[in-house]
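Residue-level structure breakdown
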Amino acid sequence: MKIALAQISPILGNAERNLKLHLDYIRKAVSRKADLIVFPELSLTGYNLKDLAVEIAINPRKSSVFKKLLEASRRIDLVFGFVEEATDDPGLVYNSAAYLSRGRILHIHRKVFLPTSGMFEEGRFFAAGRQFRPFNTGRVKTGLLVCRDFLHYGSSYCHFAGGAGMIITISAAPGRGIDDPQAQGFETSRMWELMGESVSFFSSAVVVYNNRVGYEDGAVFAGGSFIYNPFGKLIARLPYLEEDFAVLEVELAEITRARKSWPFRRDERPEVIWQSLEKIIRDSHED
Amino acid sequence: MKINVSLAIKALTGFIREETRKAGFHQVILGLSGGLDSTVCAYLAVMALKPEKVLTLIMPYGDLDKEGVSQARMVAGLLKVKSREIDISPQIDTYFAAYPTDNPVLKGNKMARERMSILYDFSAREKALILGTSNKTELLIGYGTIHGDMACGINPMGDLYKTQVRELGRQLKIPEEILAKKPTAGLWPGQTDEGEIGLTYEELDRILYLLVDRRRKPEEIIKAGFERKKVWRIVEMIKKSEFKRKMPPVAKISARTVGHDFLYPYDWDK
């Protein structure tokens, strides 16, 4: 399977121009015979939206932007980020990731963990998603995550327990911490790579991470997108801080091989985890 | 306190390039004093853009800081950037002839605001974005003039302590004499920052780094061996200067108010 990573810098608050940017990269990925192209978090809108979030939110079933992307998905699978206006719960907007394929919406994941501390204020502007659910793409069972979701390891666990062979995270992670003179990237870049390596190995799954670049209101988005194979080996990492585009070959048969070598999946007991969690949650309530 | 200088340079030059484009400018402008900060900023700007896209203004008050002026000229020459000299003493002298004072801080503030006013005028004339040169140390302790040297379009160096700016300067190979000289705000002949603040930048930065970046409590820093008086003085300076780091508060009486709950990004539609 060929996966294209578009490590781009979207325009903040302009979906029309970002749609064009997407279509340009989709064309490029199609010409390179990629099966899937992955864009970063909020790739249709830019990240630091504040009050713009509610104004730029779209309903996937009605949006003209979605319509064009659905057309494009007849030639290649797409993963991108957008602000979702909930049809099931009017007035709420989500930081969402969509997976489109063969002209259909296969899945929409609403970001569950909204960072709201320090430089982040997502909880002020977005509603939080409430589930992790892997889905079938026709090639491989896949789980979607948005940025901070990936740093809470329970998120990936749900996808693993649900049988995902591929976990795709779209991200808009600023680079922070330059205290290590020897490091190539930021201190926070290491954090994503550490999780990528661990999750891919212990889930025997392909882990795809696309992080944006560019600058918004002083935030410096780090880039450094990557793919790990199901044995926890890095297939490739894109450069830090630079726009880039890469088409990477991922061998899906490695998922089967990894699961034969390391039977983490076979031996997993989600019902034990569930019962334990239930007990922990029940016992930890405050009086 | 050590930093990854190459990564910092890459991030900051990208920041200057991108933000200049987003703001709709093709060039930048900054004041050159011959000191460390404005020199490093000019080097970063030339790396980010081309020398012909960087305009510099040298704005001495008469002969108050001759050494600074000649070093500023040297930097402009080495970088092959456009440079213009404007002596601010006529307007400053006219003002203080009418409203005399012996307080050098009042004079220094007035000069800083005069330079700001000229920078903004040339920013509009030349369509050039103003680069601020305040570093993290100054911003944190409030060692700068509000609406003076703190005013700018973008500030590439505001997250680097003074000692870290010097590290950048070494890597960028700025002139040795600028790296070596004692930092001065040029308020009066022989004035040095460290003399006025009462701490060396090395001490100041180490304490600030622990307080701010490492989130240590003052008492923990004192326990780690820093002088009690100095630590608390720094804490006080930070507290007293918060107004310089904020937009002025708007009294909120309506349902939706600028600065409170009317919140849009700086880089909107860019």
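Each value, and the rule that gives it
- Residues numbered from 1 in each chain as written.
- Chains lettered and ligands numbered in written order.
- Predicted model: local features only at pLDDT ≥ 70, side-chain atom pairs only at ≥ 80, totals over all residues.
- Heavy atoms only, no water.
- Helix = DSSP H or I, 4+ residues; strand = E, 2+ residues; numbered from the N terminus.
- Phe/Tyr/Trp six-rings, centres within 6.5 Å; stacked < 30°, edge-to-face > 60°.
- Buried < 20%, exposed > 50% of the residue type's maximum accessible area, 1.4 Å probe, protein only.
- Contact = heavy atoms within 4.5 Å.
- Buried area = accessible area lost by both parts, 1.4 Å probe.
- Salt bridge = Lys/Arg side-chain N within 4 Å of Asp/Glu carboxyl O.
- Polar contact = N/O pair within 3.5 Å; in protein donor to acceptor, adjacent residues only side chain to side chain.
- Nonpolar A, V, L, I, M, F, W, Y, C, P; charged D, E, K, R; others polar.
- Axes fitted to C-alpha atoms, helices over the stretch in contact; angles between N-to-C directions.
- Parallel < 35°, antiparallel > 145°, perpendicular 65-115°, else oblique.
- Domains from an automatic or database assignment.
- Core = buried A, V, L, I, M, F, W, Y, C linked by side-chain atoms within 4.5 Å.
- Lys, Arg positive; Asp, Glu negative; His and termini not counted.

Our focus in this paragraph is unusual backbone geometry. All names here are of chain B. Phi angles above zero are rare outside glycine, and Lys-127 is one such case at about 50°. In this fold, Lys-127 is placed in the loop between α5 (104-126) and β4 (128-130). Within the chain, His-147 stands out as a residue other than glycine whose phi angle is a positive 60°. Position of His-147 among the secondary structure elements: in the loop between α6 (136-141) and α7 (162-172).

All names here are of chain A. Taken as a whole and judged by the stated rule, the model has 24 aromatic pairs over all chains. On the basis of an interplanar angle of 65° and a centroid distance of 5.4 Å, the ring pair of Phe-66 and Phe-80 is categorised as edge-to-face. With Phe-66 in helix α3 (residues 64-72) and Phe-80 in strand β3 (residues 77-85), this pair connects stretches of sequence that are 14 residues apart. Relative accessible area serves as the criterion here: at 0%, Phe-80 is assigned to the buried category. One aromatic cluster is present, built from ring pairs that chain together Phe-150, Trp-192, Tyr-209, Phe-226 and Tyr-228.

It is worth spelling out the interface of chain B and chain A at this point. Facing 27 residues of chain B, the contacting portion of chain A comprises 29 residues. Summed over both sides, the interface of chain B with chain A buries roughly 2200 Å², with 53% coming from carbon and sulfur. Ranking the residues of chain B by area buried against chain A places Asn4(B), Leu7(B) and Leu263(B) at the top, with a combined share of 25%. Joining chain B to chain A, the criterion identifies three salt bridges. A salt bridge links Lys10(B) to Glu242(A); its shortest N-O distance comes to 2.8 Å. Taken together, the connections running from chain B to chain A amount to 18 residue pairs in polar contact (both at pLDDT 80 or more). The leading source of residues in the side of chain B that touches chain A is helix α1 (residues 5-22) of chain B, at nine residues. Counted by class, the side of chain B that touches chain A contains 13 nonpolar, three polar and 11 charged residues.

Once that is clear, we can look at the packing of α1(B) against helix α2 (residues 36-48) of chain B. Residues and elements named next belong to chain B. The N-to-C vectors of α1 and α2 enclose an angle of 70°; their axes lie 8 Å apart at closest approach. Relative to α2, the element α1 is oriented roughly perpendicular. For the pair α1 and α2, contact is made by Ile-9, Leu-12, Thr-13, Ile-16 and Arg-17 and by Leu-44, Ala-45, Met-47 and Ala-48, respectively.

Let's shift gears to the side chain of Asn18(A). Residues and elements named next belong to chain A. Within the secondary structure, Asn-18 is located in helix α1 (residues 15-31). Overall, Asn-18 belongs to the buried group, its relative accessible area being 0%. Side-chain polar atoms of Asn-18 contact the backbone oxygen of Ile-11, separated by 2.8 Å. Apart from residues lying up to four places away in sequence, Asn-18 is in contact with Pro-10, Ile-11, Ser-43, Leu-44, Thr-45 and Gly-46.

Turning our eyes to something else, we now look at the domain arrangement of chain B. Residue and element names in this part refer to chain B. What the domain assignment lists for chain B is domain 1 (8-187) and domain 2 (198-244). Counting residues at the interface gives 14 residues for domain 1, matched by 13 residues for domain 2. Counting each side, the surface lost to burial between domain 1 and domain 2 is near 1300 Å², with a carbon and sulfur contribution of 66%. There are two salt bridges connecting domain 1 and domain 2. The shortest N-O distance in the salt bridge between Arg-166 and Glu-202 comes to 3.8 Å. Our count for the domain 1 to domain 2 interface comes out at 10 residue pairs in polar contact (both at pLDDT 80 or more). Sorting the residues of the side of domain 1 that touches domain 2 by element identifies α6 and α7 as the ones contributing at least two each. With four residues, the top contributor of residues to the side of domain 1 that touches domain 2 is α6. Of the residues assigned to the side of domain 1 that touches domain 2, the class counts are seven nonpolar, four polar and three charged.

Glancing now at the nonpolar core. By size, the foremost hydrophobic cluster in this structure holds 48 residues, and its most contacted members are Phe186(A), Val40(B), Leu44(B), Leu131(B), Leu168(B) and Ile174(B). Broken down by secondary-structure element, the contributors of at least two residues to this core are β11 (219-222) of chain A together with α1, β1 (27-31), α2, β2 (54-58), α3 (66-79), α7 and α8 (176-180) of chain B. Leaving out residues up to four positions away in the same chain, Val40(B) has contacts with Met157(B), Val165(B), Leu168(B), Gly169(B), Leu172(B) and Ile174(B). Among the nonpolar cores identified, the runner-up in size contains 40 residues, and Val112(A), Met166(A), Ile168(A) and Val206(A) belong to it.

This next bit is on the side chain of Glu114(B). All names here are of chain B. Locating Glu-114 in the fold gives a position in helix α5. One buried charged residue, Glu-114, forms no salt bridge at all, with the nearest opposite charge on Lys-110 at 5.5 Å. When neighbours within four sequence positions are excluded, Glu-114 is seen to be in contact with Ile-88, Gln-91 and Ile-92.

Scanning all chains against the criterion turns up 36 salt bridges over all chains. Glu121(A) serves as the salt-bridge partner of Lys50(A), at 2.8 Å between the closest nitrogen and oxygen. Taken together, the residues span a long stretch of sequence, with Lys50(A) in the loop between β2 (36-38) and α2 (52-56) and Glu121(A) in the loop between β5 (104-110) and α4 (122-125) at a distance of 71 residues. Arg245(B) is the partner of Glu242(B) in a salt bridge, and the nearest nitrogen-oxygen pair spans 2.8 Å. You can call Glu242(B) partly exposed: its relative accessible area is 33%. One continuous salt-bridge network, built from bridges that share partners, spans Lys20(A), Asp24(A) and Arg27(A).

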